[in-house]
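Architecture and fold: a report
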Amino acid sequence: MSIFSILRHNLGHGSRTRKPDDLPPRAAPFRGLIEQDPTLCTGCRNCSYVCSPKAIQFDDTGELALEWAYAADQCCFCGLCVMYCPTQALSNNGVLPQVGHDQSALHFTNEVPYHSCISCGTQMIPIPAQAAAKFFGEVTENTEELRLMCHECRRRAASEKIRDAFITGEKS
Amino acid sequence: MTEILSLIVGFLIWPGLIVAAALGFFYMWLMRKLTARMQGRKGPPFYQPFFDFVKLVGKRSLVPRDSSRVLFFLLPFISLTSTVFGLMILPLPGSAAPSFSGDLVLLLYLMEMPVLCDVLAGFVSRSIYGQVSAMREAVMSLAYSVPLLASVIALAQAADTFRLAELHTAPFGLVTVIAFIAFAMAIPARLKSNPFSIPNAEHEIGHGAHMEYNGLPLAVFELSHALELMLLIGTLYVLFLPGTGHVATDALVYLAAGFAVVALVVFAKVSTARFTVKSALRFYWLWGGLAAGAAMVVAIVS
Amino acid sequence: MASETDLNMNALRERLESLRGATSFEERCDGVWMEAPDLDVEAMMREMNAEGFRLATMTGRQAPEGETTIMYHFNRGPHLLHFKTRSHGGSHPSLALVSHPASWCERELHDFFAVKFDGHPNLVPLFRPACLNEGFFRDDITPENGPENGPEASQA
Amino acid sequence: MPYQIPIGPFHPALEEPYKLSFNCVADTVDKVSVDVGFSFRGIEILAQKREWLPAITLVERVCGICSNVHATSFCMAAERIAGIEIPKRAQYIRTIMGELERMHSHLLWAGLAAEFMGYETAFMEVFNLRETIMDMLESISGNRVNYGMNRIGGVNRDIPDPLQYVSTLETAAKTLEKVVIPAFMDNPTARSRMGGVGILTKEDAIAWGTVGPVARASGLAIDVRSDLPYLAYEELGFRIVTQESCDVQARVVVRALELLESIRLIIAALKGLPAGPLRAFEGLPTIPAGEATTYCEAPRGEVFYYVASDGSDKPARVRIRTPSFVNIPALEAMMPGQQFANTSLIQASVDPCLSCTDR
Amino acid sequence: MGVLTKLFSSLMATSRRKSPWIYTINSGSCNGCDIEIGPCISPRYDAEQIGMLRHASPKHADILVVTGAVSKRIKPALLDIYSQMPSPKAVVAVGSCPASCNVFAGSPVLDGPLDKFIPVDIWVPGCPPRPQLIIDGIAKAAQMLADGQTADQLGKKVAAE
Amino acid sequence: MITTLLPSPAFWPTALLFGGAILEVLLAGFLSSRGKGWLAFIATAAALAASFALLPAVQGGAHLEATAFLWDGGAPLTYYVDGLSVLFMIMGTALGALILMFSIGYMADEPSGTTRFFFLMLIFIGGLTLLVGAQSLLMTYFAWELIGLCSYFLVGFWYARQEATDGARKVLLITHIAGFGFMAAILMIYAQAGTFIWSDPKVAASLSTTIVILLLVASMAKSVLFPLHTWIPEAMNAPTPVSALLHSACYVKAGVYLIARMYAIGDWHPAGGAFLLVVACLTMIVGVVFALAQTDLKRLLAFHTVSQLGYIAAGLAIGTDLGVAAALYYTISHALFKGTLFLCAGSIQHATGTRDLRELGGLYSKMPVTTWVWLIAAAAISGVPLTTGFVAKWLLLSAALDDGQAVVVMVAWFVSILTAFSFMKATVSAFYGDPSPSLAGKHIHEATPTMQVGMGITAVLCVVFGIAPQFLMDPVIAPAVEGLGFNWQIATSWGGVLTRAGSIDVSLGAIGVIVFSVVAAFGAYQLTRSRPGTAVNVFTGGESLPEGDRLSATDFAEMAEVAFEPVYKTDPDPLWLRFGSWLGAVAGKVGQTALWAEDKFIAVTLAGAAVLCVWILAL
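Residue positions are counted from 1 within each chain, in the order its sequence is given. Throughout, the order in which chains and ligands are written sets their labels, letters from A for the former and numbers from 1 for the latter. It should be noted that, the model being predicted, local features are given only for residues of pLDDT at least 70 and side-chain atom pairs only at 80 or more, the latter also being counted only at that level, while totals for whole chains, interfaces and linings use all residues. Hydrogens are left out, water is left out, and the side-chain values use all remaining heavy atoms of the structure.

1. Focus on the overall build of chain E
Secondary structure counts use DSSP, requiring at least four H or I residues in a row for a helix and at least two E residues in a row for a strand, with both numbered from the N terminus. Helices and strands together make up the secondary structure of chain E, namely 6 helices and 5 strands. Along chain E, from the amino end to the carboxyl end, the secondary structure elements read α-β-α-β-β-α-β-α-β-α-α. Each radius of gyration is computed over the set of C-alpha atoms, and the globule rule expresses the reference value as 2.2 Å times the number of residues to the power 0.38. Whereas a compact globule of 161 residues would reach a radius of gyration of roughly 15 Å, chain E reaches 16 Å, a difference of no more than 12%. Seen along its three principal axes, the alpha-carbon backbone of chain E occupies a region of about 60 × 40 × 25 Å. Within chain E, buried positions represent 73% of all 161 residues. Taking contacts inside chain E between residues at least 6 apart in sequence as the whole, the part at least 24 apart equals 80%. Here the open area of atoms and residues is found with the Shrake-Rupley method and a 1.4 Å probe, where only the protein chains shown may cover a residue. Entry remark: accessible area of chain E is about 4,300 Å², with carbon and sulfur atoms responsible for 60%. When charges are counted, Lys and Arg are positive and Asp and Glu negative, with His and the chain ends excluded. In this description, the location of a charge corresponds to atom NZ of lysine, CZ of arginine, CG of aspartate or CD of glutamate. The average position of the 16 basic charges and that of the 13 acidic charges among the side chains of chain E differ by 2 Å. Only protein chains enter the accessibility calculation, which uses a 1.4 Å probe; a residue is then buried when its area is under 20% of its type maximum, exposed when over 50%, and partly exposed in between. We call two residues in contact whenever any of their non-hydrogen atoms come within 4.5 Å of each other.

So this is what it looks like as structure tokens:
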């Protein structure tokens, strides 16, 4: 097509322009703002580790909860945090970040509340029930107990359980 | 007294400043819109050139260091007023133009003023890009003046008059056709539109002579540019289109001439890449020169 | 063109091994490496030019005692050659006059590792902003030279 | 008396900041000096402070235009050190992403080149076509730029339904052949701006060590995809494109033909996308001590990575040599004797990528 | 008279809203944002529909669009160009880099973030933001100009470093 | 037969000037160089008054005839003073007076030679009055060569400088050789008509094509018409007042006078009109195109003289009443603005010690008066409305249009655009922008008061006659044109508009436009300027330019050179130089022969050979 036919074609076929508010459809894997479900977070800090710009940070100075802070104006929207989150606490729903004057509107924080370890009573973050299967292979009554324990107690409990199994096995 | 009053009306309202500015902005918008549509875009809204102008008026203007404040502010206004003055002496439909012998010469002078102002603006603003642009504009003006002047002078020669009003009513002939071709050739370069957007080639020297201009002086330059388009359209109408003597029909012909010029310029603009100075010079001195020569020969022979 | 003729790798290898300061070759998955701390780089460049090898780039890496490991990476079609040498007393012979691509690489290494390339015609900063010391990639040099030192200080 | 006129660091002809200082006599360029480093971000030094995984994200931002090839090269180097063999499917996906990226980069370049020669309509047509490629990239990776597809040991994301893109690509090829290429090659004004302008002779191209389309437009058959086939290029049967006329027009033709070749490669890869896992392993990589180099063909030419590991969780040294780093100095050989008006086009014709050069 | 003044100021506000002319500065970005500003004038997004034009001279511009994390080499040029823009003017920071240096945080050759040097009116987050978001940011900045709410109009300054 | 010492007022101007020259020599020992200057000025001013006194006598085409004394029966020293003569007398003496006034300050610092200078200047001006008054062609020729000789001495004023003497020699060579053509023409006229008195009708009858062409060639050399214009840049090595006088009033206008006078002699137009028109058009273009390429301020002005003389010649070549009137008006107008420009150039050179545009710049702050004077004159030469230049161009264009000479209109128009560009460049390079580095450390001072008055008056006149050209047209131009036998039907009005009706509005409108522009610009400045002290840098892409980097006049010139490459290739100068050196060689050889032979006959042969050469060349 010569330039003239291009021009004629364009004149005859209307504009290809979208209105400012008429956004083209976003594809399914679109990487927008990440959202955190604090109930699923285990405070493992994988998300913070894989985050190159350090847009995700944890603040453990609080007494009652671990603070998860996400700065969307620092985020590079690479999606690694979502990919490496062991409990799917982070999700990416393709939400566009907001344009605006207020930079603080792009800072999000969530509090992941501490629980007392059912065994020793130290402040800890339990493993969420939804993720228990992934952690413990299969969900039993025992795992329900284990996921509410702190790391130390869980280790101890696990080793006790192994020992018990060993002993019972010996007995039988 | 009424004469003076009619001059003031002619200067300020029609065919001078206000109506011409409105029409000029309209044509400028039409150019942008048509360009956009030919490129498959939506283009700017109807009022865009007007709002651009008002916005620029409302800005604080900055004078670049070491440049003459007087000239910096004066040049756009000289450009504007000489263009308006040029419009005023055109015998457009319904205008009370003071027709006198040799007003064609005055018109040509006035048409050259904005170019000179641009060149000077390029130098005065101390911008290296402006200076290059001024050089280019000067050279370009030499290039397109060949067909432009030749066409006007050939017409005058053929009609044996240098009075615009008489030229307007002069009979149609072969010389009109050839002169029109030469004239049309010069229009894109005169408007600094592609492919002859050489003095304001954005990706080479930015905005050229207007690089340092801002705020109100820039707004006045923009207005002056819109009026230059009107002046060209007006000249084209007066020289090449027949006057019927009836104001309404004349006005329609005049408007149609405007649309035609806009279409021509836009078409040239969207279908080409920009020339370099050398190739533009070659184009005008060869093809423009040929058209000019043909127009002159026909004018002298007939 | 050189690459259209067949490259006799073995012959080249022998010639390169005869260079002053040359050591033996090592074949790796990413080409042939030659570690030679005292390599005569000018002779190396001549050999490479004669064989139609192209200098892809030079890599610097911090070495102890203020020295820098300098790697020359050459290629020619599928053949890759890497020479690993090092600076002596913080300086190194320049190849900028015999090879255009070396010029910017050496300026860059000068910026990053403060390697002084002897004979470089124009060893001015390529990337380094004036407020940083040359060799700011090294951990034995403080990067910032402070606002009061200015560019003159960093030149010196 | 020669005067000096700068283009840059900020100038409409430059997408990125760098500075060309021209010594002009009248309208003719006498000498040019190139000044870079304006967008120097110190990525090489930052990469040594990042763990392997965040370092991929970092090197991806060496350049927004050819982000994927940087991540691929970096991962390939790390894989080479660790001796990881990545699955076939991952290789194909990397290839597809690389070629799609080349397409959007070449189209971007073509649009800008058109704009710099004052040919707005061609710019609009090219950018319109480019949007379809961008859509495709977005629908695969979830972002229009900086795709985040690579990880050490494979790729992050799959292409679940590869055949859906084939028809779009075929349309794109048709648009290229019917609209974009004629808009450049059949328009006398455009041709007059490109033909014989910015000549880089074959000898100069060798002497300055140019790579990529610039070298190929000067008749040098240099392409990592054919010289050192990596990923899936050997299986897909890559065909190199060269031109002999050494001017801006040759660079346009090379890129145009490469676009068509890319479309062919992508369609072949999409159709032949092998089944299998996306990555060699899950979780975080461990890279033993060692060093490796990789060459990849970015849109602008060969990218070179040298990566060294000391066995820790961070790279010990990352050296990035981008194609623009060697192509930009060659401007000094192209500019003298040219009209000043052509300089913006000539500098664009090497497709200078300053974020690549400066890092 | 009051009516006239009111009319004029409302006309001025509309004009400022409808005619955002931008000047873009790449202050050391990865050019990802810059290649997303380019398509803003392409047929699909066509920012000219809201009156936006990209200008080659900061003196013509109303809105300064900054990408990148302000490298040390660029900083003086950035400040100079900002001072060359006639008032009223707005600043739009595109991408994460000007807001926080993004992945480049901690680099010794960067001086960011941007609001250490010039007051920023609109933040457009993203890495890079999509073209619509950039256009949206420019439109919002134009709205701020019309409302007289930009830092320049309010006389806000950044604290000197 | 001398009845009184000064038998007729017609002689007074000449007598006063020559008398002044003699006084200059007599009183040389008593006067300071300033005193000598004042003396010369007073003599010229008196001559100016005497010239004005002649004006009433020549109104309506009348003329005075007077005989001072009879030499021999056939060669009386007779004056024939008509409007044309008076016009040139007034022009010569008026410009002469102003330039001499300027010279008082200019030459004050000259260590030696001021007597010689002022003496020659007075003779120079006197020579012009003699030229335009003489009735006998022989006397005309005498005056013609007298001013040629004066210019030779004056151009070579600084005879110790090689380039000055070389320039002087070139001036002499080209104009003098062409002058032989004049002599040959006179001899041919005498051969046919038997008289040297040009007002004799027999002379009219004897005008053949050959004679006309010979006269035209002589005028072309004097009036720097292409291709005999090449001597003029060489004359630039003279002191500036000399250049001013040479260019504006006396020297180059002699040729104009001769061509105009030919109308009074007889109907030469069919024989040479077309030839002259072609030459004029070529001259306009060549002059201005070369001017574009100049960087030396005075050379630039010199080439503009060439192109402006082309305009004047075109007016004369058109040969209608309007054409001749335009040419004469242009002559005066050119004298005014070119004189002014040269004086400005002189004052710049005086202040800065250079006239190279590359080394100038930013003089506005140092020399405001000079700047404004220059601006006015530059506007005038560019044809800006409300200046004499506009009126002159307007008249010329009208004449060409009326005569149907469309090509002339086009060329004139084109050239006036180029002129404007050239002056824009010169103005900006010299007066605006950053001061050039080479001026740093120099003490730049404004011109002395007498210099200011000298150039100020001419500048004011540029505007006065631009606004009210009728004050010049009716009393001075009209009698001159009528004296040449034309029927005066031209009515000029304010602003230079040829009146039929309604034109006064246009002039008023033009003034209104300027007032409007100024007021609007001022208002705009007041309304929208930023806070004081907020001058911003020029946008240079983010980094400042290297120190002192700017586009100079040279760059513009080089751009022009690219555009006009073919024109510059056709420089006829080498031809003349070769001719000159050849002639020199021949003369040398012949001279040796002459010495050897001790025979005067050979010198005559030499002159004959030279005449022959010109003859061959002219045909």
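The structure having been displayed, the exposition proceeds.
2. Overview of the state of the cysteines
Only a pair of cysteine sulfur atoms within 2.5 Å counts as a disulfide in this structure description. Tallying each qualifying case throughout the model produces 0 disulfides over all chains. The thiol of Cys63(D) is not disulfide-bonded; the next cysteine sulfur, from Cys353(D), is found 3.2 Å away.

3. Examining the environment of Ile328(D)
Mapping Ile328(D) onto the fold places it in the loop between helix H13 (323–327) and helix H14 (331–334). For the pair Ile328(D) and Asp351(D), spaced 23 residues apart in sequence, the C-alpha separation works out to 8.5 Å. The contact partners of Ile328(D), leaving out residues within four places of it in the chain, are Trp104(C), Tyr18(D), Val34(D), Pro352(D), Cys353(D), Leu354(D) and Thr357(D).

4. Some thoughts on the sheet that holds strand E5 (residues 107–113) of chain A
Strand pairs in the sheet, formed through backbone hydrogen bonds, run parallel or antiparallel to each other. All names here are of chain A. As summarised here, the arrangement of the 3 strands in space is E2-E3-E5, forming an open sheet in which the pairing is antiparallel. Either end of the sheet is taken by a strand with one partner, and the two such strands are strand E2 (56–59) and E5. Averaged over neighbouring strand pairs, the angle between their axes works out to 20° when direction is ignored. Two strands are said to pair when DSSP picks up at least two bridges between them. Every angle, taken between N-to-C directions, lies between 0 and 180 degrees, and every axis is a line fitted to C-alpha atoms, over only the stretch in contact when it is a helix.

5. Some points on the packing of aromatic side chains
Aromatic pairs are defined between Phe, Tyr and Trp rings, using the six-membered ring for Trp, whenever the two ring centres lie within 6.5 Å; interplanar angles under 30 degrees are classed as stacked, those over 60 as edge-to-face, and all others as tilted. Scanning the model with the defined rule gives 46 aromatic pairs over all chains in all. Aromatic ring contacts, followed pair by pair, group Phe26(B), Tyr27(B), Trp29(B), Phe46(B) and Phe259(B) into a single cluster. Only when the NZ atom of a Lys or the CZ atom of an Arg is both within 6 Å of the ring centre and within 35 degrees of the ring normal do we say a charge sits over the ring. Over the ring of Phe127(D) we find Arg130(D); its NZ or CZ atom is 5.4 Å from the centre of that ring. The ring of Tyr311(F) carries the charged tip of Lys393(F) above its face, separated from the ring centre by 5.4 Å.

6. Remarks on the nonpolar core
Residues enter a nonpolar core if they are buried and are Ala, Val, Leu, Ile, Met, Phe, Trp, Tyr or Cys, with the set joined through side-chain atoms within 4.5 Å. By size, the foremost hydrophobic cluster in this structure holds 610 residues, and its most contacted members are Phe184(D) and Ile477(F). Looking at this core element by element, the count peaks at 20 residues for helix H6 (residues 128–159) of chain B. Contacts of Phe184(D), omitting those with residues within four sequence positions, involve Ala110(D), Ala114(D), Met117(D), Ala122(D), Val126(D), Ala190(D), Arg191(D), Met194(D) and Val252(D). In terms of nonpolar packing, the next biggest core, distinct from the first, is built from 7 residues, Cys117(A), Met124(A), Met149(A) and Ala157(A) among them.

7. Here we look at a nonpolar patch on the surface
Residues enter a patch when their relative accessible area is above 30% and they make no salt bridge; the linking distance is 9 Å between like charges and 5 Å between nonpolar side chains (Val, Leu, Ile, Met, Phe, Trp, Tyr). Here a salt bridge means any side-chain nitrogen of Lys or Arg lying within 4 Å of a carboxyl oxygen belonging to Asp or Glu. A cluster of nonpolar side chains, contributed by Ile4(B), Leu5(B), Ile8(B), Val9(B), Leu12(B), Ile13(B), Ile18(B) and Phe516(F), occupies part of the molecular surface with about 660 Å² of accessible area. Among the elements that make up the nonpolar patch, the one with the highest residue count is helix H1 (residues 2–12) of chain B (5 residues). Note that Phe516(F) resides in helix H19 (residues 503–528). Phe516(F) gets classed as partly exposed once you look at its relative accessible area, which sits at 31%.

8. Things to note about unusual backbone geometry
All names here are of chain E. Across the junction of Ser87 and Pro88, the peptide omega takes the value -5°, indicating a cis bond. Residue Pro128 follows Cys127 across a cis peptide bond; omega there is -10°. Take Pro128: it is sitting in the loop between strand E5 (122–124) and helix H5 (131–147). Even without glycine at this site, Asn31 takes up a positive phi of about 70°. Take Asn31: it is sitting in the loop between strand E1 (21–26) and helix H2 (34–37). On the accessibility criterion, Asn31 (0% relative accessible area) is buried. Positive phi values are uncommon outside glycine, yet Asn102 reaches one of about 50°. Within the secondary structure, Asn102 is located in the loop between helix H4 (96–100) and E5.

9. Describing the sheet that holds strand E3 (residues 63–67) of chain E
All names here are of chain E. Spatially, E2-E1-E3-E4-E5 is the arrangement adopted by the 5 strands of the open sheet, whose pairing is parallel. Here the strands that pair on one side only, and so sit at the sheet edges, are strand E2 (53–54) and E5. Across the sheet, H5 touches E1, E3, strand E4 (90–94) and E5, and the angle it forms with E5 is around 175°.

10. Thoughts on the confidence of the model for chain C
Residues and elements named next belong to chain C. The quantity called pLDDT is the predictor's confidence in a given residue, expressed from 0 to 100. Summing up the model confidence of chain C, the mean pLDDT is 78 and the portion of residues at 70 or higher is 87%. Within chain C, no element has a lower average pLDDT than helix H4 (residues 150–155), which sits at 40, and none a higher one than strand E4 (residues 68–76), at 87. Ignoring residues within four places in sequence, the model shows residues 147–156, a span with pLDDT below 50, making 9 contacts including any to other chains.

11. Details of the environment of Ala62(F)
Residues and elements named next belong to chain F. In this structure, Ala62 sits in the loop between helix H2 (33–58) and strand E1 (64–69). Once the C-alpha coordinates of Ala62 and Pro479 are considered, the two residues, 417 residues apart in sequence, prove to be 7.7 Å apart. Apart from the residues lying within four places of it in its own chain, the contact partners of Ala62 are Ala57, Asp82 and Gly83.

12. Some thoughts on the interface of chain B and chain E
Counting from both sides, the interface comprises 30 residues of chain B and, opposite them, 30 residues of chain E. Accessible area, probed at 1.4 Å, shrinks when two parts are joined; the buried area is that loss added up over both. A per-residue breakdown of the area chain B buries against chain E is headed by Arg41(B), Lys55(B) and Lys59(B), which together make up 24% of the total. Counting across the interface, chain B meets chain E through 6 salt bridges. In this structure, the salt-bridge partner of Asp62(E) is Lys55(B), at a minimum N-O distance of 2.6 Å. The leading source of residues in the side of chain B that touches chain E is helix H3 (residues 48–57) of chain B, at 7 residues.

13. Description of the side chain of Gln39(B)
In this fold, Gln39(B) is placed in the loop between helix H2 (17–38) and H3. Gln39(B) sits in the buried class, given a relative accessible area of 1%. Beyond its immediate stretch of four places on either side in the chain, Gln39(B) contacts Asn10(A), Arg16(A), Val270(B), Glu120(D), Thr121(D), Met124(D), Glu125(D) and Pro43(E).

14. Observations concerning the pattern of salt bridges
By the definition in use, this model includes 52 salt bridges over all chains. Measuring nitrogen to oxygen at the nearest pair gives 3.3 Å for the salt bridge that ties Arg28(C) to Glu291(D). Pair noted here: Arg28(C) is in strand E1 (residues 25–28) and Glu291(D) is in strand E6 (residues 290–298), and the two residues belong to different chains. Residue Glu291(D) is classed as buried on the basis of its relative accessible area of 15%. Of the charged contacts in the structure, one is a salt bridge between Arg130(E) and Glu138(D), with a shortest N-O distance of 2.4 Å. Taken together, the residues Arg130(E) in the loop between E5 and H5 and Glu138(D) in helix H5 (residues 120–141) connect one chain to another. Glu138(D) matches Arg130(E) in its accessibility class, with the two residues each being buried.

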